[in-house]
Amino acid sequence: MCTLEKRGNIFFLTLTGAGDKDDDEHRLGLPVISSLLSSLADVASQSTRGSVLITTARGKFFSNGFDLAWAQSAGPSSARHRLGQMVVASKPVVAAFLSLPMPTIAALPGLLLALGHDYVTMRGDRGVLYMSEVDLGLPLPDYFAAAFRAKIGSNSARKNVLLRGEEAVRMGIVESAHESAEVAVQMAEKLGERKWKGDVYAEIRMSLYPELCAVLGLAKVVPTAKL
Amino acid sequence: MCTLEKKGEVFILTLTGPGEHRLNPTLLDAIQSALNQVRVAATSSSVALITTAHGKFFSNGYDLDWAGSDKLRGDLMTSKLRSVVADFITLPCPTIAAVTGHASAAGFILARCHDYVVMRKDRGFIYMSEMDIALVIPAWFHALVKNKVGSATAVRDLMLRADKVTAEMAVEKGIIDLAVVGAEETVEAAIRMGEELVRRKWKGDVYGGNRVGLMWEVLEEIRKFDTSTGSRL
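Residues numbered from 1 in each chain as written. Chains lettered and ligands numbered in written order. Predicted model: local features only at pLDDT ≥ 70, side-chain atom pairs only at ≥ 80, totals over all residues. Heavy atoms only, no water.

Draft legend 1. Inspection of the overall build of chain A at higher detail. What chain A contains, in helices and strands, is nine helices and seven strands. Taken across its 227 residues, chain A has 52% of its residues classed as buried. Within chain A, counting contacts between residues at least 6 apart in sequence, those at least 24 apart form 72% of the total. For chain A, the accessible surface area stands at approximately 10300 Å², while carbon and sulfur atoms represent 53% of it. (Helix = DSSP H or I, 4+ residues; strand = E, 2+ residues; numbered from the N terminus. Buried < 20%, exposed > 50% of the residue type's maximum accessible area, 1.4 Å probe, protein only. Contact = heavy atoms within 4.5 Å. Areas by Shrake-Rupley, 256 points an atom, 1.4 Å probe, with all protein chains shown as cover.)

Dropping the structure here:
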């Protein structure tokens, strides 16, 4: 599931795996999604000037955001369907991150959730699994492509399976490939010192990624500039 | 407020005086009038335009004090900047900003709407201050910056983190083209660049047309504000 704690101005959203059994809690299924959405709503409602969110993962939580084992365990034809389910279910989560009224830092290796954050740090020795490796014949969902274009740029598309920390830093996808916890906290403290107005922050962020927002259904929240 | 001179085939538009060159209707009208003169000259020969400024600031952005909370003033000011930038985009000759001082918010937008940006290395920075003063940035600002700056993270750092970016950093990040030590040297470098481009003997209307093609989405965003009556006047 996920837990939420607050230390000073920083919200820590931690995705945890439950047991080591094949249960509902460690895949990005409906239970985790609704837990995430409700936590994000909590964070948004508690937002003040200088708030920052760090998202991390712990324990048995799947390394890439999707439970491939679960997807594949049902056999090849159902795998496609399960993966599709997870992709669709993740969309509102990415939308919630995109509209969150504070800077967001992902200190976790899952590409999907990482792309929904403003800044990403990751462990140097771990990697990020790209969707191209797990091509089960699914077309890339619309918001994946939009997120790639918005955050990475299509000319950085890689065919490699695994993108290790240093490469990701070089490609400009992640800020840092060190022991992510401290780096993320340092980054959060620096961002928090700016004491930005959360609603303005969210509007500028959404304006920066108009195509992604439209695909995520955030287009109704049209940012209006006074000038 | 601003002067227009010609050195050979290179026009130099200078925002004069020691102040912040805040973009209010008076200054914007003066700039627009200078652009009109350049446009006329560009129809008969190959020219280039350099825009620069005196003093510590290239431009510190909109004249927020002048606009205050008066919506009519705010609308007038912003519509004039949109009109000026649209003129820069359609100008039938190469444009180079010689940024000799700070360029903030709308002031950076004015610089970056030029084809090339040369900036002073030893003083001054680029600063999209809006996040720090709790102002939402209009969509056309984003469109313009993204049209010119390739790196998504550089754009994010500029727009969403309100970084103060020196000329050297700006070159590294692909935000501007060249960083030069000294104010006079910055202008000289821009003029040399302009002279090189003039030597290509391009047809002005073709140049302008190709630039419009490259910046089409930016013009679309600008024009979204002005379609309420459907009038193009």
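Here the narrative resumes.
Draft legend 2. Main features of helix α6 (residues 152-159) of chain B. Of all eight residues in α6 of chain B, seven are buried; the element is thus mostly enclosed. Those residues of α6 of chain B that fall on the buried side of the exposure criterion are Thr-153, Ala-154, Val-155, Arg-156, Asp-157, Leu-158 and Met-159 of chain B. Buried residues belonging to α6 of chain B abut β5 (119-121) and α8 (198-208) of chain A together with α4 (106-112), β8 (126-127), α5 (139-148) and β9 (164-165) of chain B.

Draft legend 3. Highlighting empty space enclosed by the protein. Residue and element names in this part refer to chain B. This structure, assessed with the given rule, holds five cavities of 30 Å³ or more. Taken as a whole, the second largest cavity spans an internal volume of roughly 60 Å³. In terms of lining, the second largest cavity is formed by 13 residues, of which the most central are Ser-46, Val-47, Cys-93, Pro-94 and Trp-202. Elements supplying a minimum of two residues to the lining of the second largest cavity: α8 (183-198) and α9 (204-214). A breakdown of the residues in the lining of the second largest cavity according to their chemical character gives nine nonpolar, three polar and one charged. (1 Å grid on protein atoms, 1.4 Å probe; cavity = no way out; pocket = protein on both sides within 12 Å on 5 of 7 lines; lining within 4 Å. Points joined across faces, edges and corners; volume = space filled by probe spheres on them. Nonpolar A, V, L, I, M, F, W, Y, C, P; charged D, E, K, R; others polar.)

Draft legend 4. Region of interest: the sheet that holds β9 of chain B. Reading across the sheet, the four strands line up as β4-β6-β8-β9 (chain B) and stay open at both edges, with mixed pairing between neighbours. Looking at which strands have only one partner, the edges of the open sheet turn out to be β4 (57-59) and β9 of chain B. (Pairing = 2+ DSSP bridges.)

Draft legend 5. Expanded view of unusual backbone geometry. Located in the positive-phi region is Lys-195 of chain A, a residue other than glycine, with phi close to 50°. Locating Lys-195 of chain A in the fold gives a position in the loop between α7 (180-193) and α8. Looking at Lys-195 of chain A, the relative accessible area reads 42%, which means it is partly exposed. In this model, Lys-201 of chain B sits at a positive phi of 55°, which is unusual for a non-glycine residue. Mapped onto the elements, Lys-201 of chain B comes out in the loop between α8 and α9.

Draft legend 6. Up close: the interface of chain B and chain A. In this complex, chain B contributes 24 residues to the contact, which on the side of chain A involves 24 residues. At the boundary of chain B with chain A, total buried surface from both sides reaches about 2200 Å², with 66% on carbon and sulfur atoms. When the buried surface of chain B facing chain A is broken down by residue, Val-136, Arg-156 and Leu-160 of chain B rank first, second and third, together holding 32% of it. The interface formed by chain B and chain A holds one salt bridge in total. One salt bridge connects Arg-194 of chain A with Asp-132 of chain B, and the closest N-O pair in it is separated by 3.0 Å. Inspection of the chain B/chain A interface yields six residue pairs in polar contact (both at pLDDT 80 or more). Within the residue set of the side of chain B that touches chain A, elements represented by two or more residues are α3 (71-90), α5 and α6 of chain B. Per-element accounting of the side of chain B that touches chain A gives the leading share, six residues, to α6 of chain B. For the side of chain B that touches chain A, the residue count by class is 15 nonpolar, four polar and five charged. (Buried area = accessible area lost by both parts, 1.4 Å probe. Salt bridge = Lys/Arg side-chain N within 4 Å of Asp/Glu carboxyl O. Polar contact = N/O pair within 3.5 Å; in protein donor to acceptor, adjacent residues only side chain to side chain.)

Draft legend 7. Summary view of the packing of α9 of chain B against helix α10 (residues 216-223) of chain B. All names here are of chain B. Running from N to C, α9 and α10 point in directions that differ by 75°, and their axes come no closer than 4 Å. On the basis of their axis angle, the class for α9 and α10 is roughly perpendicular. Residues Val-212, Gly-213 and Leu-214 of α9 form the contact with α10, whose participating residues are Trp-216, Glu-217 and Leu-219. Its residues assigned to classes, the contact of α9 with α10 shows four nonpolar, one polar and one charged. (Axes fitted to C-alpha atoms, helices over the stretch in contact; angles between N-to-C directions. Parallel < 35°, antiparallel > 145°, perpendicular 65-115°, else oblique.)

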